[in-house]
Amino acid sequence: STVYLFFWLNVACTNLFATHFARGEHRDAFAVLSDALYVSLACAALLVVGLSWGGGAALARICAMAPGALPGAKQYLAIRILGVPALMTATVLQGACTGMKDATSTPCCAHLFPTCAARAGVAPLATPPDSRRRVLRAIDCRQIAAPC
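Conventions and cut-offs
- Residues numbered from 1 in each chain as written.
- Predicted model: local features only at pLDDT ≥ 70, side-chain atom pairs only at ≥ 80, totals over all residues.
- Heavy atoms only, no water.
- Helix = DSSP H or I, 4+ residues; strand = E, 2+ residues; numbered from the N terminus.
- Buried < 20%, exposed > 50% of the residue type's maximum accessible area, 1.4 Å probe, protein only.
- Contact = heavy atoms within 4.5 Å.
- Areas by Shrake-Rupley, 256 points an atom, 1.4 Å probe, with all protein chains shown as cover.
- Polar contact = N/O pair within 3.5 Å; in protein donor to acceptor, adjacent residues only side chain to side chain.
- Phe/Tyr/Trp six-rings, centres within 6.5 Å; stacked < 30°, edge-to-face > 60°.

Participant: Mind showing me how you'd approach the overall build of the protein chain here?
Facilitator: Scanning the protein chain from N- to C-terminus turns up 7 helices and 0 strands. Counting from the amino terminus, the protein chain carries its helices and strands in the arrangement α-α-α-α-α-α-α. Looking at the protein chain as a whole, 28% of its 148 residues qualify as buried. The long-range fraction of contacts in the protein chain, counting pairs at least 24 apart against all pairs at least 6 apart in sequence, stands at 64%. Accessible surface for the protein chain amounts to roughly 9,500 Å². Of this, 67% is attributable to carbon and sulfur atoms.

Here it is in structure tokens:
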């Protein structure tokens, strides 16, 4: 959830991209998008480093009353850290799509494909080997696309 601290980047990208795009300054609009993507990846890298270094200690304090939950919590944190760069990039791309007044189809696809890839990649990491086949069969990316 710490990724949502950087949601300002989505709002800024939407505003600046829409302003340039509405004026017909398409080159400037895409320059804004490029800069926002670089900033999002830099922020994601800082967040990954911060969570990797400080996340274990924070979890140890949180799980002080239930030390048996700590190994699972650390594994969950490690898996979630893998998705931070994709999520940050997807929020910036969604902001650009909203700035182009394409608020439905493209943002859905921009989130659909990384989500399906993340679910397919995380399932083998998060499940015991004997239940991986059942989990992979249970993941249905069409369910994700239903709200779009």
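Back to the write-up after that little detour.
Participant: Honestly, the side chain of Ser40 in this entry has me stumped. Any pointers?
Facilitator: Tracing the backbone through its elements, the reader meets Ser40 in helix H2 (residues 26-62). Accessibility expressed as a relative area gives 0% for Ser40, which makes it buried. Only 2.8 Å separates the side chain of Ser40 from the backbone oxygen of Leu37, close enough to count as a polar contact. Aside from chain neighbours lying at most four places away, what touches Ser40 is Leu9, Met88, Thr89 and Val92.

Participant: It is not clear to me how the packing of aromatic side chains should be interpreted in this structure. Could you clarify?
Facilitator: Note on aromatic pairs: each is described by the distance of the centres and the angle between the planes. Per the stated rule, a full pass over the model turns up 2 aromatic pairs. Each ring, one from Phe17 and one from Phe21, has its centre 5.6 Å from the other, and the planes form 15°; the classification is stacked. Within this pair, Phe17 and its partner Phe21 are both found in helix H1 (residues 8-22), separated by 4 residues, close to a single helical turn. On the numbers, 5.3 Å between centres and 85° between planes, the contact of Phe17 with Phe30 is edge-to-face. With Phe17 in helix H1 and Phe30 in helix H2, the pair connects residues that are 13 residues apart, well separated along the chain. By way of ring pairs, the aromatic residues Phe17, Phe21 and Phe30 are connected into one cluster.

Geometry only, nothing functional implied.
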